[in-house]
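If you want the building blocks of each chain, they are given just below.
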Amino acid sequence: MRKRSGIILIHEGKLALIERHKQGRHYFAFPGGGVDEGETDEQAAIREAEEELGIRVKIVQKAAEVLRTGRRNQVYFLVDWVDGEFGTGTGEEYGEVDEINGTYNPLWMSLEEILVRNVVPRQLAELTVQSHQEGWQDSVVIQES
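Calculation notes
All residue numbers here refer to positions counted from 1 along the written sequence of the relevant chain. At least 70 in pLDDT is required for a residue's local features to be given in this predicted model, at least 80 for side-chain atom pairs to be given and counted, and no such filter applies to totals for whole chains, interfaces and linings, which use all residues. Based on all heavy atoms of the structure, the side-chain values leave hydrogens and waters out of the count. Remark: nonpolar core denotes a set of buried residues (Ala, Val, Leu, Ile, Met, Phe, Trp, Tyr, Cys) joined through side-chain atoms within 4.5 Å. Under the scheme applied here, a residue whose accessible area is under 20% of the maximum for its type counts as buried, over 50% as exposed, and between as partly exposed, the area being computed with a 1.4 Å probe on protein chains only. Strands here are runs of E lasting at least two residues and helices are runs of H or I lasting at least four, both read from the DSSP assignment and numbered beginning at the N terminus. Note on contacts: a residue pair is in contact if any heavy atoms of the two residues lie within 4.5 Å. For two strands to count as paired, DSSP must find a minimum of two bridges between them. Pairs were defined over the aromatic rings of Phe, Tyr and Trp, the Trp ring being its six-membered one, requiring ring centres within 6.5 Å. Orientation was assigned from the angle between planes: stacked under 30 degrees, edge-to-face over 60, tilted for the rest.

**Q** Before we move on, could you go through the nonpolar core and cite the residues and values that matter?
**A** Ranked by size, the top nonpolar core spans 21 residues in total, and within it Ile8, Leu15, Leu17, Phe30, Ile114, Val119 and Leu124 carry the most contacts. Broken down by element, the residue count for this core peaks at 4 residues, all from helix α3 (residues 122-134). Those residues in contact with Leu17 that sit more than four places away from it in its chain are Phe28, Ala29, Phe30, Pro31, Asn105, Pro106, Leu107, Met109 and Val119.

**Q** Report on the pairing of strand β3 (residues 25-29), specifying residues and quantitative values.
**A** Bridging between strand β2 (residues 14-22) and β3 involves 5 bridges; their strand directions are antiparallel. Residue pairing across strands places Lys22 opposite Arg25, the latter belonging to β3. The turn joining β2 and β3, which pair antiparallel and follow one another in sequence, is formed by 2 residues; a positive phi near 50° is taken by Gln23. With 2 bridges connecting them, β3 and strand β8 (residues 119-120) associate as parallel partners. Across the sheet, the residue bridging to Ala29 is Val120, located in β8.

**Q** With reference to specific residues and values, describe the packing of aromatic side chains.
**A** Scanning the entire structure with this criterion turns up 4 aromatic pairs. Their ring planes at 25° and their centres at 5.8 Å tell us that Trp81 and Trp108 sit as a pair that is stacked. Within this pair, whereas Trp81 is found in strand β6 (residues 74-84), its partner Trp108 is found in strand β7 (residues 103-110), the two being separated by 27 residues in sequence. Judged by relative accessible area, which is 26%, Trp108 ranks as partly exposed. Taken together, the aromatic side chains of Trp81, Phe86 and Trp108 make up a single cluster linked through ring pairs.

**Q** Explain unusual backbone geometry residue by residue, including any values.
**A** Residue Pro121 is reached from Val120 by a cis peptide bond, and omega for that bond is -10°. Note that Pro121 resides in the loop between β8 and α3. With a phi angle near 50°, Glu12 is a residue other than glycine that sits in the positive phi range. If you trace the backbone, Glu12 turns up in the loop between β1 (4-11) and β2. Of note, Gln23 is a non-glycine position whose phi angle comes to about 50°, a positive value. Mapped onto the elements of the fold, Gln23 is located in the loop between β2 and β3. On the accessibility criterion, Gln23 (59% relative accessible area) is exposed.

Below, the structure written as structure tokens:
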């Protein structure tokens, strides 16, 4: 099972997220995707930001690792926006909408709104708001059941 690598991008007090409508669920996810063979977690995070958001980012630090029982582990990096136009992603997920994969819509969400919307993983959303206010520490491990 491939590991998932994602980004935490906060710009002007807002967090970059992907709005998803998938198999009857409506939620907001951190941009990211599977780590390809021969690719580092950092390289995957940078590539996914370009594919999903249309922007180039640089890694600031590893922020969190989400360990999930029976599902693939996830790693997230705090990043800075280098260049590119937000919302111009060209990843394969932006083709025809289908029943299995659903919709992908990149958007910005205020940090206050994150805590009242269905942002997943939930503990990562809470960590992001807290760390943005109090300062980012070393990478945190989040255990999900």
